[in-house]
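Analysis of the macromolecular model
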There are 2 protein chains.
Amino acid sequence: MSPKITTELLKQLRQAMRNPKYVQEPVQAYIVPSGDAHQSEYIAPCDCRRAFISGFDGSAGTAIVTEQHAAMWTDGRYFLQAAQQMDNNWTLMKMGLKDTPTQEDWLVSVLPEGSKVGVDPFIIPADQWKRMSKALKSAGHDLVPVKENLIDTIWVDCPQRPCKPLITLDLNYTGVSWRDKIVALRSKMDERNVLWFVVTALDEVAWLFNLRGSDVEYNPVFFAYAVIGMNTIRLFIDGDRVMDPAVREHLQLDSNLEPEFRIQVVPYGSILAELQAVSAGLSPKDKVWLSDKASYALTEAIPKAYRYLTPYTPICIAKAVKNASETEGMRRAHIKDAVALCELFSWLEKEVVPKGTVTEIIAADKAEAFRSQQKDFVELSFATISSTGPNGAIIHYKPVPETNRTLSVNEIYLLDSGAQYKDGTTDVTRTMHFGTPSAYEKECFTYVLKGHIAVSAAIFPNGTKGHLLDSFARSALWDCGLDYLHGTGHGVGSFLNVHEGPCGISYKTFADEPLEAGMVVSDEPGYYEDGSFGIRIENVVLVIPAETKYNFKNRGSLTFEPLTLVPIQTKMIDVNLLTPKERHWVNDYHQKCREVIGAELERQGRREALQWLLRETEPLTGQ
Amino acid sequence: MSPKITTELLKQLRQAMRNPKYVQEPVQAYIVPSGDAHQSEYIAPCDCRRAFISGFDGSAGTAIVTEQHAAMWTDGRYFLQAAQQMDNNWTLMKMGLKDTPTQEDWLVSVLPEGSKVGVDPFIIPADQWKRMSKALKSAGHDLVPVKENLIDTIWVDCPQRPCKPLITLDLNYTGVSWRDKIVALRSKMDERNVLWFVVTALDEVAWLFNLRGSDVEYNPVFFAYAVIGMNTIRLFIDGDRVMDPAVREHLQLDSNLEPEFRIQVVPYGSILAELQAVSAGLSPKDKVWLSDKASYALTEAIPKAYRYLTPYTPICIAKAVKNASETEGMRRAHIKDAVALCELFSWLEKEVVPKGTVTEIIAADKAEAFRSQQKDFVELSFATISSTGPNGAIIHYKPVPETNRTLSVNEIYLLDSGAQYKDGTTDVTRTMHFGTPSAYEKECFTYVLKGHIAVSAAIFPNGTKGHLLDSFARSALWDCGLDYLHGTGHGVGSFLNVHEGPCGISYKTFADEPLEAGMVVSDEPGYYEDGSFGIRIENVVLVIPAETKYNFKNRGSLTFEPLTLVPIQTKMIDVNLLTPKERHWVNDYHQKCREVIGAELERQGRREALQWLLRETEPLTGQ
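Because the structure is a prediction, the values reported are computed rather than measured.

Some details on the overall build of chain A
The secondary structure content of chain A amounts to 19 helices and 28 strands. Taking 25 Å as the expected radius of gyration for a compact globule of 623 residues, we find that chain A reaches 25 Å, a close match to that expectation. By principal-axis analysis of the C-alpha atoms, chain A measures approximately 70 × 60 × 50 Å. Taking contacts inside chain A between residues at least 6 apart in sequence as the whole, the part at least 24 apart equals 72%. Total accessible area on chain A is roughly 23600 Å²; 51% of this is exposed by carbon and sulfur atoms.

Next up, the structure:
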């Protein structure tokens, strides 16, 4: 992978930073966050402004360009990738390391006195604006909104904003109608004495209306906002997408509904004017509810006295707790996904070992091909990480022709992949060796497995936040002086974003909400050696009630049920490092894989994959 | 324990809340925090205003009195105690439980529109003021400073503020002279471009000047502030305490020091005027550093533009990392403390079993008597928790005649106690049974022990914050549906406060600083059954570097060394529930107790205690 040459682009951007056409006064620094106007993690090509200016296209990162410097903040998953994709104009700021300055501290250290720092107010979340603005102000600088996005002004061949057809989801998939979701939302609004609710996140709009789209790759969402009042539903969406009869029927646009359930469809671009109009009609004590991560532009449209901001919206929280239909859908999706992976691994074993002709890209494509054979397959849920040997150490690696390695019997292979099915979203990582792993590789793999099991088998009281479980995943690695520089788990949507809030498992104490039965998260500890290999073991797990011997204060307990049912390669396990309890966990897990996935492979007539599954799920025997 | 009758007092307080002598406009609510003007946890009798108005005298709690209501917020340690000490005028607000409203939310729910909420600006920390003021404002109310403390206006027999003699500590104890501490502080100020530093916490003043006092029971501190400039040292302290020749010599008050090390001694009460004077002399960009927990009154004295607030001061952080002299002192103190406890437990065994005449108070007094026989003993480090049977479930219980139970062979006995020695501070909890514990009692004890060991033996990377270790202490309890409603550990001072920042081990994600080699914390999981028994196993442990097989990113690892060396009653352990690793930990620990404490008991000629120690440290044998 050769870095993007950005010298000329940076020159143009710096000119734009001084151009009176765009800025009232020159800005001495310009911030390019990675999000879009909805603070999405995955974004459409037209929103990949940070990647355009820097070359670094990982999912997380913030660029800041000053007259003299260009710096990129990203986290441990992307240190290697960012270093490879960026040229010497850029300084990599490794977030999470002790000596790395925050963006604010860095700006203060490099800017001349009384500087102006510009940012697109539609792209920066209000909470970030507030923090940064305060820090800059206290050092004598100013954060200023620059309405015209300066990257767009220099991006000649910027792609168009997508506007693809919508998919309607019926009750079999969603369990709850959009109408009932609106009723529930209004009751939450009523509880908090709120008159209006602004839906800004794309997955929240999609979830609320039981619609899906494909405007953003991997995330079945569409560009839209919604504003919900006690008697009003307004959907801000472009194009003739709502002319589709199925969509009109689904949203009951042509029915004679009670007024409070009539959906008004208005243009996407009119959201700002709408919020200004709503605000103008408010009386003292009236409140408008929106996420504190909504853009600064939308947040500012509502006068401060009327704003009701929360870190997680009621939609975000309701969406995270999967109902029975969604849970069943997730189970079905994971069974199909496991079938596809058994096919893949069985095929790889046949191809890699004797022939040595399978590259990372071929393996990734094959995985997609097998998945696409399954019922209700829609697309992948993220770019497949198919990585062998040293590429495995690039935590969010995606194979491209320049980096593409051939799988061999001498290297560890790491596959982190997932798909969107109409009934659920999957995300699974398996790490395998097609030859004979070294004792050291097995040792590291086994520590990671111990961490995976420690989380998956953990029992914890109701009300526990996910971050309190993170150290369980690391303890076995820590004991030997090892660790990994990423969180342990993220929430997973139901035929929605593969990363979703409000829960997760991380050493970072973000304001996560407590885990609740019905939530779905990933459990994915790892271990990575730069230049050598990467190991990660990831299941998607469902939070379920746990039976315990006692029940302190009647609080009840929770634990996890693995939804992912794909064998964990026993060849990589040093059984001597497992406790009897851990060994039983592996054997029970493999027994369940055999039963559930075996039956489905049988049903689908996939004989070779079934044989592979049976071989790979032989019980471990004790020391 | 009968509750304090507060009807008349509340009536008087409510009158004061409307009295134009004290308030410009009536306040509809009055907040009584538990701290003093230094935000101390332990406070002098004259500062026990919350206990005076409510009867509840636990170490943590906030009272709020409105025209109609009186409510008390406290945490899980004190739910039982507060319920017992308060009469029906009071509503107990159990912090940490899901349905308990925050103080702000509660105020908003009970106050009439446009209310004023009063508080003493010297008692409320600035960060709390800010949070509460914001929340109240957004609901249409106002937080107002009431200069005259309203409790003091109705507290007829309020005791005088103490003003006891000072103790000077020489280099053998402190390792670093006050002069070198000032140099180090000024260098931190220089790094941050700060001109003035305001020392507001009593233990920080004591640590900085290598002085101790006895103004507050259990905490060897004295009422004082300090203001440090680049060429100025001002100590705000009352009385003729600095007339003591030893103190004058220690502070070199009569030497011809370089001007920047000359200490100016000024009256305690002049701090506010001093800060106003300092502020008046500042130029733009000048900064004054103080803790964000300093009082609102002092913080407000410095105009916002000049303030530099941090959650932990450089003194707090330096104080937490014990140097070699302090570490050695802590070790010595813990050896002496263990000698005293071996004496006590040996004596209890002789007295309780055949005679049954030892009460909780007698046991606590006896513990103090044995401690006071040890060299450099100064006082206890907190009120001894000597509790048997159901009293053990009151987490911060202190025996009083009304509650005093007799130790017996039928109940679990919990002793949480500690002392101040000139060379260090101790804090240890042991839970014992003098008869035959039930299988259930042993089971619970063993889970707590497993949690204690999981923290004590944990290995974790440099840079890890203590809160990431908290779940290790709970895991064995969680597995069976059990838990405890308090944190797992707190920082411990060196002949200073038994609770100190900036580190700790808690499920609450307060902004703790990473653990560093040299820090000292407690490790004290527990399990409590209301009405039956309490179990807690507490050691004070020192953070030390750990040797590990590997060393990821060269970060280095840490672990803990127990400073407390008192046997853990093996009779209470269900050995079948321990892993071999845990069994070895217990045996190694007891071996060390034998060697280190055995030698000291021998040296001090304490034969019976030595025999007890040898019996109690017999190795556990495997399943």
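A short note on the interface of chain A and chain B
With 40 residues of chain A at the interface, the matching set in chain B holds 41 residues. Buried area between chain A and chain B, both sides added, is near 3300 Å², and the carbon and sulfur share of it is 57%. Three residues stand out in chain A for area buried against chain B, namely Trp478, Tyr550 and Phe552 of chain A, and they jointly supply 21% of the buried area on that side. Applying the counting criterion to the chain A and chain B interface returns 8 salt bridges. The tally of links from chain A across to chain B stands at 14 residue pairs in polar contact (both at pLDDT 80 or more). Looking at the side of chain A that touches chain B, the elements that each hand over two or more residues are α5 (126-138), α16 (439-456), β21 (460-461), α17 (470-479) and β25 (526-529) of chain A. Sorting elements by how many residues they give to the side of chain A that touches chain B places α17 of chain A first, with 5 residues. Split by residue class, the side of chain A that touches chain B holds 17 nonpolar, 10 polar and 13 charged.

A closer look at the packing of helix α14 (residues 324-355) of chain B against helix α19 (residues 607-616) of chain B
All names here are of chain B. Two elements in contact, α14 and α19, have axes separated by 8 Å at closest approach and are oriented at 85 degrees. By the criterion of interaxial angle, the relationship of α14 to α19 is roughly perpendicular. Between α14 and α19, the residues in contact are Cys342, Glu343, Phe345, Ser346, Glu349 and Lys350 and Glu608, Ala609, Trp612, Leu613, Arg615 and Glu616, respectively. Here the residues of the contact of α14 with α19 sort into 5 nonpolar, 1 polar and 6 charged.

Regarding unusual backbone geometry
Residue and element names in this part refer to chain A. Residue proline 502 is bonded to the preceding glycine 501 through a cis peptide linkage, with omega at 5 degrees. Within the chain, aspartate 376 stands out as a residue other than glycine whose phi angle is a positive 65 degrees. With respect to the helices and strands, aspartate 376 occurs in the loop between α15 (360-372) and β15 (377-380).

As for the sheet that holds strand β20 (residues 428-433) of chain B
Residue and element names in this part refer to chain B. Strands sit in the order β16-β17-β20 across an open sheet of 3 strands; the sheet is antiparallel. The strands lining the two open edges of the sheet, one partner per strand, are β16 (385-388) and β20. Sheet twist, expressed as the mean angle between neighbouring strand axes with direction ignored, is 10 degrees. Bridge analysis of strand β17 (residues 412-417) against β20 gives 6 bridges, and the strand direction is antiparallel.

Quick word on the sheet that holds strand β4 (residues 91-94) of chain B
Residue and element names in this part refer to chain B. Read from one edge to the other, the open sheet built from 6 strands follows the order β4-β3-β2-β1-β5-β6, with strand pairing classed as mixed. Looking at which strands have only one partner, the edges of the open sheet turn out to be β4 and β6 (142-145). Neighbour to neighbour, the strand axes of the sheet diverge by 25 degrees on average, direction disregarded. Where strand β5 (residues 116-119) lies against β6, 4 bridges are found, and the strand directions are parallel. Residue glycine 118 lies in a different strand from β6, and its bridge partner there is valine 144. Lying on the sheet, helix α1 (residues 7-16) is in contact with β1 (29-32), β2 (62-66) and β3 (70-74); it crosses β2 at an angle near 70 degrees. Strands β1, β5 and β6 of the sheet are contacted by helix α5 (residues 126-138), whose axis makes an angle of about 140 degrees with β6.

A closer look at the domain arrangement of chain A
All names here are of chain A. Partitioning chain A into structural domains gives domain 1 (6-153), domain 2 (167-319) and domain 3 (321-616). Inter-centroid distance (C-alpha atoms) of domain 2 to domain 3 is 34 Å. Contacts between the two partners involve 24 residues from domain 2 and, on the opposite side, 27 residues from domain 3. Per-residue buried area on domain 2 facing domain 3 is highest for Tyr173, Tyr218 and Tyr312; these three make up 36% of the total on that side. Where domain 2 touches domain 3, the interface holds 1 salt bridge. Counting every contact that joins domain 2 to domain 3 gives 11 residue pairs in polar contact (both at pLDDT 80 or more). Only β7 (167-168), α7 (171-174), α9 (202-209) and α13 (314-320) provide two or more residues apiece to the side of domain 2 that touches domain 3. Residues that form the side of domain 2 that touches domain 3 fall into these classes: 15 nonpolar, 5 polar and 4 charged.

Some words on the packing of aromatic side chains
Using the criterion set out here, one finds 39 aromatic pairs over all chains in the structure. Taken together, the ring pairs connect Tyr440, Tyr527 and Phe533 of chain A together with Tyr550 and Phe552 of chain B into an aromatic cluster. Over the ring of phenylalanine 223 of chain A we find arginine 161 of chain A; its NZ or CZ atom is 4.6 Å from the centre of that ring. Taking the ring centre of tyrosine 484 of chain A as reference, the NZ or CZ of arginine 474 of chain A above it sits at 3.9 Å.

With respect to the UniProt feature "domain: Peptidase M24 C-terminal" (unreviewed entry) in chain A
Mapped onto this structure's residue numbering, the UniProt feature "domain: Peptidase M24 C-terminal" (unreviewed entry) falls at residues 558-620 of chain A. Structurally, residues 558-620 of chain A comprises 54% helix and 8% strand, and the distance from its first C-alpha atom to its last is 27 Å.

A word on the side chain of arginine 14 of chain A
Residues and elements named next belong to chain A. Structurally, arginine 14 is set in helix α1 (residues 7-16). Here threonine 66 takes part through its backbone oxygen, which lies 2.6 Å from a polar atom of the side chain of arginine 14. In this structure arginine 14 touches Val65, Thr66, Glu67, Gln68, His69 and Ala70, once residues within four positions along its chain are discounted.

So, the pairing of strand β24 (residues 520-523) of chain A
Residues and elements named next belong to chain A. Both faces of β24 are covered, namely the face carrying Val520 and Ser522 and the face carrying Val521 and Asp523. Strand direction decides the pairing type here: β24 and strand β27 (residues 539-546), joined by 4 bridges, are antiparallel. Along β27, the bridge assignment pairs valine 520 with leucine 542.

Here we look at the relation of the copies chain A and chain B
Superposition record for chain A on chain B: RMSD 0.0 Å, screw rotation 180 degrees, translation along axis 0.0 Å. The transformation relating the two chain copies, once decomposed into turn and shift, fits a two-fold axis.

Conventions and cut-offs
Residues numbered from 1 in each chain as written. Chains lettered and ligands numbered in written order. Predicted model: local features only at pLDDT ≥ 70, side-chain atom pairs only at ≥ 80, totals over all residues. Heavy atoms only, no water. Helix = DSSP H or I, 4+ residues; strand = E, 2+ residues; numbered from the N terminus. Rg over C-alpha atoms; globule rule 2.2 N^0.38 Å. Contact = heavy atoms within 4.5 Å. Areas by Shrake-Rupley, 256 points an atom, 1.4 Å probe, with all protein chains shown as cover. Buried area = accessible area lost by both parts, 1.4 Å probe. Salt bridge = Lys/Arg side-chain N within 4 Å of Asp/Glu carboxyl O. Polar contact = N/O pair within 3.5 Å; in protein donor to acceptor, adjacent residues only side chain to side chain. Nonpolar A, V, L, I, M, F, W, Y, C, P; charged D, E, K, R; others polar. Axes fitted to C-alpha atoms, helices over the stretch in contact; angles between N-to-C directions. Parallel < 35°, antiparallel > 145°, perpendicular 65-115°, else oblique. Pairing = 2+ DSSP bridges. Domains from an automatic or database assignment. Phe/Tyr/Trp six-rings, centres within 6.5 Å; stacked < 30°, edge-to-face > 60°. Lys NZ or Arg CZ within 6 Å of the ring centre and 35° of its normal. UniProt positions renumbered as here; feature names shortened; annotations may be inferred. Buried < 20%, exposed > 50% of the residue type's maximum accessible area, 1.4 Å probe, protein only. Least-squares fit on C-alpha atoms with pLDDT ≥ 70 in both.

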